[in-house]
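Architecture and fold: a report
So the chains spell out like this:
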Amino acid sequence: MHPLEKIVQQHKSGKQNGIYSVCSAHPLVIEAALLQALDNDSFLLIEATSNQVDQFGGYTGMTPADFYQYVIEQAKNVSFPIEKLILGGDHLGPNRWQHLNAEDAMANADVLIAHYVAAGFKKIHLDCSMSCADDPIPLTDEIVASRAARLAVMAENTAKETFGTSDIVYVVGTEVPVPGGAAEELDTVEVTSPDAARKTLECHRQAFHDVGVGDCWERVIGLVVQPGVEFDHTGIIDYQQEEAQALSQVVNDYSHLVFEAHSTDYQTKDAYKQLVHDHFAILKVGPALTFAMREGLYALCSIEETLFPQEQCSRLREKMEQLMCREPGFWQKYYHGDDHQQAFARVYSFSDRIRYYWPDAEINAAIDTLMDNLSVKPIPLPLLSQYLPYQFTQFREGMIDGSPRSFVIAKIRDVLSVYADACYVH
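Summarised in this report is the structure supplied together with it. (Residues numbered from 1 in each chain as written. Predicted model: local features only at pLDDT ≥ 70, side-chain atom pairs only at ≥ 80, totals over all residues. Heavy atoms only, no water.)

Description of the pattern of salt bridges
Rules: Salt bridges are defined as contacts in which a side-chain nitrogen from Lys or Arg sits within 4 Å of a carboxyl oxygen from Asp or Glu. Only protein chains enter the area calculation, which uses a 1.4 Å probe; residues under 20% of their type maximum are buried, those over 50% are exposed, and those in between are partly exposed.
If you walk through the whole model with that rule in mind, you get 26 salt bridges. Between Glu-318 and Arg-315 there is a salt bridge whose closest N-O contact spans 3.0 Å. Residue class for Arg-315 comes out partly exposed when judged on its relative accessible area of 32%. Overlapping salt bridges bring together Glu-47, Asp-90, Lys-123, Glu-260 and Lys-284 as one network.

Encoded structure:
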């Protein structure tokens, strides 16, 4: 039995446990996640999204095989047990190719699925909810399910050809709004209706049966729904437990699955515990981790600029702003308003479109310079107190080794620890 199936089984038996999913490809985030799970002696679920990683490289430049090996190497570097590492693929489907006709987009999605499965990814989110160039808007549940089932056939066949058998677990469905945080300011989001959740499941179950993979339906462990959590550029919509109660009960009718909640970033400690209690037992987190990382790096920039002459500084913030203005493709559709508002959003938006720019070689060279500068001698305590007050306390208590990198890792782990606590990972 797959470890995720065991976790779901435990949750269904009343243990009110869950698992969080780290959706990021940044090495500092991966390292922080591995260290957090190592300290918790827990399984770690890391997922690559269809934007980050695909057969053509995605925005990270990595194929699924590249990403898999990259995470394995990171795990080895911190002595994390490989058997406790679970890799997944998020929103796998025609998402990257919506500008193409459906058949061409789905042909690419077939290859995408095959690459993920052959590389060793064991948790596959089948998401065919997006309309392609020649599709109606929105798609019917039946079309979405039939396309997902087509990809399930590809996944099962690839697993059997590559490994001799298939133990892949699946997640189906999608959330509203689109993945990665809302593009517009929001006051509320609509909780998925119980009837809509049931129809999604029934359409997918029937579609799996129709194409001959009905036997793997029991390995569908999650349904993505909208429990009423979201964030935009400057606001967070908090989980309202009473509004999701009817939806929460739906999974009681299905012995093998729980809900998967996306865009759970920036919720409160109590909200995470309530979500897990209400069967939203797979919690996805991504932007909040790179947001915390950016906070840590930019705090170190402030310290650096206090300690060193300008010509010696990394100028990381300045270089990042120049890069984002020079190559606006990842944020321009999302950040609106005048020049000042856009400049604010480029740095501080909760949607964290800045995360798409961290792989840049010049940016990584600037980070190396920042780390080198601040490694020459210990960072003065008053500056830590000023710019990284919580990490100042952690350092004083012996929880951080005092290297500049350790402060950034600690910032990311502050986020992860809240998720770990909600999932009863101790």
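Digging into the environment of Leu-275
Condition: Labels follow the DSSP assignment, with helices taken as runs of H or I lasting at least four residues and strands as runs of E lasting at least two, numbered in each case from the N terminus. Whether two residues are in contact is decided by their heavy atoms: any pair within 4.5 Å suffices.
Tracing the backbone shows Leu-275 in helix α8 (residues 269-277). Judged by relative accessible area, Leu-275 falls into the buried class, the value being 0%. When the C-alpha positions of Leu-275 and Asp-265 are compared, they lie 12 Å apart, and in sequence the two are ten residues distant. In this structure Leu-275 touches Pro-227, Val-229, Tyr-239, Phe-280 and Leu-283, once residues within four positions along its chain are discounted.

A word on the nonpolar core
Quick note on the threshold: Put simply, buried Ala, Val, Leu, Ile, Met, Phe, Trp, Tyr and Cys residues joined by side-chain atoms within 4.5 Å make one nonpolar core.
The biggest cluster of nonpolar side chains holds 130 residues, and the ones touching the most others in it are Leu-44, Phe-67, Leu-85, Ile-124, Leu-297, Leu-316 and Trp-358. Filtering out sequence-adjacent residues up to four positions away, Ile-124 remains in contact with Gly-89, Leu-92, Ile-113, Tyr-116, Val-117, Ile-168, Val-169, Tyr-170 and Val-171. Among the nonpolar cores identified, the runner-up in size contains 13 residues, and Leu-4, Val-8, Ile-221 and Ala-281 belong to it.

Considering the packing of aromatic side chains
Which entries qualify depends on this criterion: Pairing of aromatic rings covers Phe, Tyr and Trp, the last counted by its six-membered ring, and requires centre-to-centre distances within 6.5 Å; plane angles under 30 degrees mean stacked, over 60 mean edge-to-face, and any other angle means tilted. Charge-over-ring placement is defined geometrically: NZ (Lys) or CZ (Arg) within 6 Å of the ring centre, and within 35 degrees of the ring normal.
For the coordinates displayed, the defined rule picks out 22 aromatic pairs. Each ring, one from Tyr-266 and one from Phe-291, has its centre 5.5 Å from the other, and the planes form 85°; the classification is edge-to-face. Linking Tyr-266 in the loop between β9 (258-261) and α8 with Phe-291 in helix α9 (residues 287-307), this pair joins segments that are 25 residues apart in sequence. Assigned by exposure class, Tyr-266 and Phe-291 land together as buried. Pairing Phe-344 with Tyr-348 gives two aromatic rings, centres 5.2 Å apart and planes at 40°, and the pair type is tilted. Taken together, the residues span about one helical turn, with Phe-344 and Tyr-348 both in helix α11 (residues 339-348) at a distance of four residues. Cluster of aromatic residues (ring-pair linked, three or more members): Phe-67, Tyr-68, Tyr-70, Tyr-116 and Phe-121. In this structure, Arg-346 is placed above the aromatic ring of Trp-331, and the distance from its NZ or CZ to the ring centre is 4.8 Å. The lysine or arginine in question, Arg-353, covers the ring of Tyr-334, its NZ or CZ lying 3.6 Å from the ring centre.

Thoughts on helix α2 (residues 27-40)
Selection rule: Expected helix span is computed as 1.5 Å times (number of residues minus one).
A rise of 1.5 Å per residue sets the reference length of α2, with its 14 residues, at 20 Å; its end C-alpha atoms lie 20 Å apart and thus fit the reference within 8%. When you tally the buried positions in α2, you get ten out of 14 residues, the bulk of the element. All of the buried residues along α2 are Leu-28, Val-29, Ile-30, Glu-31, Ala-32, Ala-33, Leu-34, Gln-36, Ala-37 and Asn-40. Close packing links the buried residues of α2 with β1 (19-22), β2 (44-49), α3 (64-77), β3 (85-92), α9 and α15 (404-422). Of the residues one or two after α2, Asp-41 is the one with positive phi, at around 55°.

Brief notes about the layout of surface pockets
For clarity, the cut-off: Cavities and pockets were defined on a 1 Å grid built over protein atoms only: a cavity is a set of grid points that admits a 1.4 Å probe from which the probe cannot escape, a pocket is an open set flanked by protein on both sides within 12 Å along at least five of seven lines, and lining residues are those with an atom within 4 Å of any such point. Grid points are joined across faces, edges and corners, and a volume is the space filled by probe spheres set on the points. Note on residue classes: Ala, Val, Leu, Ile, Met, Phe, Trp, Tyr, Cys and Pro are nonpolar, Asp, Glu, Lys and Arg are charged, and everything else, Gly too, is polar.
Here the second largest pocket defines a volume of roughly 420 Å³. Surrounding the second largest pocket, 16 residues form its lining, Met-399, Ile-400, Ile-409, Ala-410 and Arg-413 being those nearest its centre. Ranked by residues supplied to the lining of the second largest pocket, first place goes to α15 with seven residues. For the lining of the second largest pocket, the per-class residue count stands at six nonpolar, five polar and five charged.

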